[in-house]
Amino acid sequence: MALGQQLQGRLALNNRLIRIIVAGAVLLAGIIGVLNTLVTQISGTVNRYTAVTAVGSNFVNVASVTGFAAGDRVLLIQMKGSSISQADDTTYGTLTDLGNSGVYELCNIASVSNGSKKITFTRPVCKSYTISGLVQLVRVPVYTDVEIKGTLTGQAWNGSTGGIIAVEASGTMTMKAHIDASGIGFRGGSFNGSATTGGLTYICDVNSGKGGIKGEGIAELPFAGCRGKMANGGGGGNDHNGGGGGGGNWGTGGIGGHGWLSNTPGQLSDTDKGGRGGQSLRALYESVVPRLFLGGGGGGGHQNNGASYEASNGGGIVILIANTLTVSGSRAIRAYAPDAEDITINDGAGGGGAGGAVLLDIQSYTNPQNLTIDVSGGDGGTVTTADQHGPGGGGAGGYVNTTGTLPGTVNVIKAGGLAGKFISTNSSHPHHNTTHGAANGQDGAVISNLVIQICSAPPTLDLNGAQAGTDRQESYSQFYEARSFILPADVQIQDTDDTEMEAATVTIINPEDGSLEQLEMMLDASSLASMGIQAQREASGHVMHLLGEATIEQYRQVLAAVAYKNASPAPTFSPRLIQVTVDDGGNQSNTAFVTLNLDGSNFPVEWVYFDVQPSGSDAALTWATASELNSDYFEVERSGDGRNFEARGRVEAAGVSNEILAYQFRDAGAARAASGSLFYRLRQVDVDGQFAYSSTVELMLSPENAGGLTLRVFPNPATEEARIRLSGIEQAVAIQVLNVSGQTVWNGQIEPGQELAVPVGGWNPGVYIFQTASGVRRVFKKVVVR
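None of the values given here were measured: they were computed from a predicted structure.

Another point: unusual backbone geometry. Each neighbour pair has its own omega, and for Asp 239 with His 240 the value is 25°, a cis peptide bond. Residue placement: His 240 occurs in the loop between β15 (224-225) and α2 (282-285). Its identity as a non-glycine residue notwithstanding, Cys 226 has a phi of 80°, on the positive side. Relative to the elements of secondary structure, Cys 226 occurs in the loop between β15 and α2. In this structure Cys 226 comes out as buried when scored by relative accessible area, which is 0%.

This is the structure we're talking about:
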């Protein structure tokens with residue numbers, strides 16, 4: 001082939017290759033374009049809502065299953081159900097029992113039955129619900145990547161469903177439009193069309209004409225009127241023409257304005273007719289596992305001249321769950337309450353609703369400076385007319401809750417609504433351009449303790465991973481010293497959901513004995529804080545809670561730092577059965593036990609008995625120890641009231657002994673120190689300065705007049721027989737003998753003046769308690785049997 005032909009052939013081949021490459025690039029670009037369009041675009045209302053009629057172990061019955069399918073993510077939430085004070089006074093509307101209002105969890109649907117309207121979940125329901133408290137199920141759409149193309153809205157709360165916008169994305173959620181839940185929360189109170197003498201009543205029937213309708217809140221009492229608040233719902237204005245109170249959420253709603261003629265001297269019955277502001281729910285949001293509420297509705301103003309203006313609704317709830325939230329352009333998440341309408345007539349105006357709630361479970365933000373979040377309260381209505389009438393109170397701000405800290409460049413609007421004003425057509429009116437008694441709502445807040453409540457599989461707990469079973473055996477043999485009883489290597493917490501137990505609570509309970517034994521935390525607060533865990537011990541010292549957000553490994557370390565301490569001078573040696581459970585924020589584990597066996601062989605002093613008897617004008621004290629380890633001395637203390645003690649003398653201790661040792665001390669002139677009773681105790685001090693107290697013994701100086709009992713048991717220690725003498729009784733009483741485990745080993749009865757023999761020869765060696773009672777008096781003695 002000629003060279004020219006070869007070159008032409010190569011050029012033709014190259015041209016074909018170029019065309020193929022170009023065509024491939026065009027095809028690839030087309031494919032990429034198609035893939036880019038697969039990002040789901042949403043707008044309008046994307047949630048489905050249905051009322052729940054029954055809640056089972058892992059299912060709900062609903063009013064309608066339309067729009068729900070297997071595999072869907074759903075929000076189960078109770079909207080109301082709280083109880084309030086209904087006394088006709090300033091306490092009206094105050095929460096008395098929260099009930100299950102605000103409880104919620106996310107679940108996944110396993111199946112839907114159209115016939116029975118039953119929706120079954122993949123896991124058991126974790127929370128408790130009360131159907132009368134208005135429970136609803138909300139479908140939460142879940143996407144990989146989602147773009148909010150047009151304004152995202154939600155169904156307004158209608159008394160049974162709505163009020164919530166909830167969207168989830170496993171990848172990126174891009175806001176190219178606003179999310180608007182403003183005014184879809186609890187409803188504002190309505191007006192009334194008549195007037196009567198209402199006085200200062202806090203509760204009335206709306207048909208009575210005494211007051212406007214209360215704003216809606218988490219307590220259900222429909223169409224109630226007058227100025228008392230309805231939990232977080234604002235109170236209605238009272239007759240004559242009082243303004244409605246603002247709704248409450250994070251903050252408290254503002255009070256409504258005074259009614260007509262309230263500036264006239266002597267017209268006191270018309271003063272302070274405004275509705276009370278809705279109650280703050282702040283404390284319920286700050287707990288480790290919070291609840292969730294709509295903004296409270298404003299209270300309706302008292303209207304009798306045809307104003308026909310309702311108070312404003314509260315803000316709704318917005319829940320966004322995504323790995324990344326990208327804000328494209330200037331965008332807003334709105335859960336504010338709108339302002340109450342202004343009126344130009346001789347009537348009271350409505351209160352502003354409270355801002356709602358925005359929950360952001362977001363791991364990272366892109367362009368957070370473009371984002372505005374508005375949970376502000378609504379302004380109260382303004383009244384423009386000749387004579388003074390009641391403006392509305394401002395609604396409270398809502399709240400924003402996030403996982404982690406919200407970026408500082410996000411613009412958050414959380415102010416409480418402003419009180420309305422009275423604007424007179426006569427500018428010289430003394431109340432012109434004033435709030436006339438109405439008040440602003442309190443501000444809302446931004447917090448960062450959010451843990452989305454997910455119905456989870458219960459974790460499992462094993463405290464003895466090296467052996468079969470979940471429980472363990474430990475011994476405690478060091479008096480005074482706090483010692484841990486769980487080894488971190490043996491702790492196994494398994495959570496099939498994840499390794500981060502968000503808002504988990506580990507509870508340790510020691511149900512035994514008294515205040516001188518307790519649970520302690522061996523780690524300091526800073527070490528705990530570095531792991532995101534708090535240790536909270538109840539006042540009794542017998543219960544400790546470990547709570548926070550941390551890895552399972554960190555919980556294992558902290559659990560192993562919980563210690564047991566016994567400071568009792570005469571402890572009972574029955575085993576302590578310490579209970580441990582784990583709640584991962586959605587469900588509770590099994591209960592695992594640590595059997596803690598108390599070994600008395602190493603306790604510095606093991607007490608046998610401590611007794612005080614009158615001896616002429618003195619008090620004779622006797623006591624005995626079964627063993628001592630590094631004991632230094634006993635200090636005798638006396639009190640006239642059983643609370644304030646003073647030292648009376650000292651008796652040297654043996655130091656080290658494994659034998660029964662008896663001690664005595666005489667308190668000279670004790671009978672002259674009091675006319676009724678004296679109280680004695682021993683302060684046993686070790687060579688290293690540590691000390692502990694014996695039990696307190698009461699000495700009745702005149703037992704024949706005070707009904708005192710005196711129990712003597714001898715010999716002590718006893719081998720074959722112990723003899724009992726009892727004085728201060730007028731009839732036969734029962735005698736009981738217990739071992740240190742609390743089991744009864746002998747029962748008997750003793751007559752006045754009788755000496756009773758108790759055969760102990762066949763008993764196991766050890767300490768026994770002889771006890772008896774007569775009336776309200778009870779006495780006991782500890783006796784050693786060999």
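Our focus in this paragraph is the environment of Arg 187. Tracing the sequence through the fold places Arg 187 in the loop between β13 (179-180) and β14 (204-205). Its relative accessible area of 35% is what places Arg 187 among the partly exposed residues. It is 7.5 Å that separates the C-alpha atoms of Arg 187 and Trp 157, two residues lying 30 residues apart in sequence. Within polar-contact distance, the side chain of Arg 187 engages the backbone oxygen of Asn 158 at 3.3 Å.

Before going further, it helps to examine a negative patch on the surface. A contiguous patch of negative charge, built from Glu 310, Asp 339, Glu 341 and Asp 342, is present on the exposed surface. Looking at where Glu 310 falls in the secondary structure, it is placed in the loop between α2 and β16 (317-327).

Summarising the sheet, β13 and strand β17 (residues 331-334) pair through two bridges and their orientation is parallel. Of the residues in β17, the one forming a bridge with Ile 179 is Ile 333. In terms of strand pairing, β17 meets strand β19 (residues 371-374) through four bridges, oriented parallel. Bridged to Ile 333 within β19 is Ile 373.

Attention now moves to the confidence of the model for the chain. Confidence along the chain averages 84 in pLDDT terms, with 86% of residues attaining 70 or more. In the predicted structure, residues 1-37 sits below a pLDDT of 50 and forms one contact with residues beyond four places in sequence or in another chain. Note that pLDDT drops below 50 for residues 703-707; the model gives that stretch three contacts with residues more than four away or on any other chain.

The residue Asn 158 is located in the loop between β11 (146-153) and β12 (164-175) in this model. Taking the relative accessible area as the measure of exposure, Asn 158 reaches 41% and is therefore partly exposed. A C-alpha to C-alpha distance of 8.4 Å links Asn 158 and Phe 186, two positions 28 residues apart in sequence.

All right, on to the side chain of Arg 683 then. Locating Arg 683 in the fold gives a position in strand β42 (residues 677-686). On the basis of relative accessibility, which here comes to 16%, the residue Arg 683 falls in the buried class.

Across the sheet, three strands lie side by side as β27-β33-β30; this open sheet has antiparallel pairing. Only two strands of the sheet have a single neighbouring strand rather than two, namely β27 (483-484) and β30 (517-521). Direction of pairing for β27 relative to strand β33 (residues 562-566): antiparallel, over a ladder of two bridges. Note on β33: the bridge partner recorded for Arg 483 is Tyr 564.

Rules and cut-offs
Residues numbered from 1 in each chain as written. Predicted model: local features only at pLDDT ≥ 70, side-chain atom pairs only at ≥ 80, totals over all residues. Heavy atoms only, no water. Helix = DSSP H or I, 4+ residues; strand = E, 2+ residues; numbered from the N terminus. Buried < 20%, exposed > 50% of the residue type's maximum accessible area, 1.4 Å probe, protein only. Polar contact = N/O pair within 3.5 Å; in protein donor to acceptor, adjacent residues only side chain to side chain. Patch = residues over 30% accessible without salt bridge, like charges linked within 9 Å, V, L, I, M, F, W, Y side chains within 5 Å. Areas by Shrake-Rupley, 256 points an atom, 1.4 Å probe, with all protein chains shown as cover. Salt bridge = Lys/Arg side-chain N within 4 Å of Asp/Glu carboxyl O. Lys, Arg positive; Asp, Glu negative; His and termini not counted. Charge placed at Lys NZ, Arg CZ, Asp CG, Glu CD. Pairing = 2+ DSSP bridges. pLDDT = per-residue confidence, 0-100. Contact = heavy atoms within 4.5 Å.

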